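Read off the chains here:
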Amino acid sequence: MTLREQKISIWYGKLEDAERFPDLEYWQQQDDTTKFAAAWDMVVEAHAIKGEDLSESRLQRSVAHFQRRES
């Protein structure tokens, strides 16, 4: 695991006075690699919280039915 520099912004106030998407500008400035890394971190954390084995994480691979449309 590598250590990454993290910038943290703190805001104090009433919830109704908060910005609707306070971190939108931050994420728009990040490159795709950073966004995917953050998403993967959330996947790993979600599996840990649920007590699931991370090796079980995968995309759904079942297909119910395909049918070609007739012209």
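Because the structure is predicted, anything quoted here is derived from the model rather than measured. (Residues numbered from 1 in each chain as written. Predicted model: local features only at pLDDT ≥ 70, side-chain atom pairs only at ≥ 80, totals over all residues. Heavy atoms only, no water.)

**Student:** Give a description of the overall build of the chain that names residues and reports values.
**Tutor:** Along the backbone of the chain there are two helices and zero strands. Classification of the 71 residues of the chain by burial places 4% in the buried group. In the form shown here, the chain has an accessible surface area of approximately 8,100 Å², with 53% of it arising from carbon and sulfur atoms. (Helix = DSSP H or I, 4+ residues; strand = E, 2+ residues; numbered from the N terminus. Buried < 20%, exposed > 50% of the residue type's maximum accessible area, 1.4 Å probe, protein only. Areas by Shrake-Rupley, 256 points an atom, 1.4 Å probe, with all protein chains shown as cover.)

**Student:** Describe the packing of aromatic side chains, and please don't skip the residues or the numbers.
**Tutor:** Across all of its chains, the model carries one aromatic pair by this definition. Consider the rings of Tyr26 and Trp27, whose centres lie 5.0 Å apart with planes at 80 degrees: the pair is edge-to-face. With a relative accessible area of 36%, Tyr26 lands in the partly exposed category. Overall, Trp27 belongs to the partly exposed group, its relative accessible area being 30%. (Phe/Tyr/Trp six-rings, centres within 6.5 Å; stacked < 30°, edge-to-face > 60°.)

**Student:** Kindly report on the layout of surface pockets, identifying the contributing residues and their values.
**Tutor:** Its boundaries defined by the atoms lining it, the largest pocket holds a volume of some 790 Å³. For the largest pocket, the lining is made up of 19 residues, of which Lys7, Ile8, Ser9, Asp23 and Tyr26 are closest to its centre. Broken down by secondary-structure element, the contributors of at least two residues to the lining of the largest pocket are α1 (24-29) and α2 (32-50). No other element matches α1, which puts four residues into the lining of the largest pocket. Grouping the constituent residues of the lining of the largest pocket by class yields eight nonpolar, four polar and seven charged. (1 Å grid on protein atoms, 1.4 Å probe; cavity = no way out; pocket = protein on both sides within 12 Å on 5 of 7 lines; lining within 4 Å. Points joined across faces, edges and corners; volume = space filled by probe spheres on them. Nonpolar A, V, L, I, M, F, W, Y, C, P; charged D, E, K, R; others polar.)

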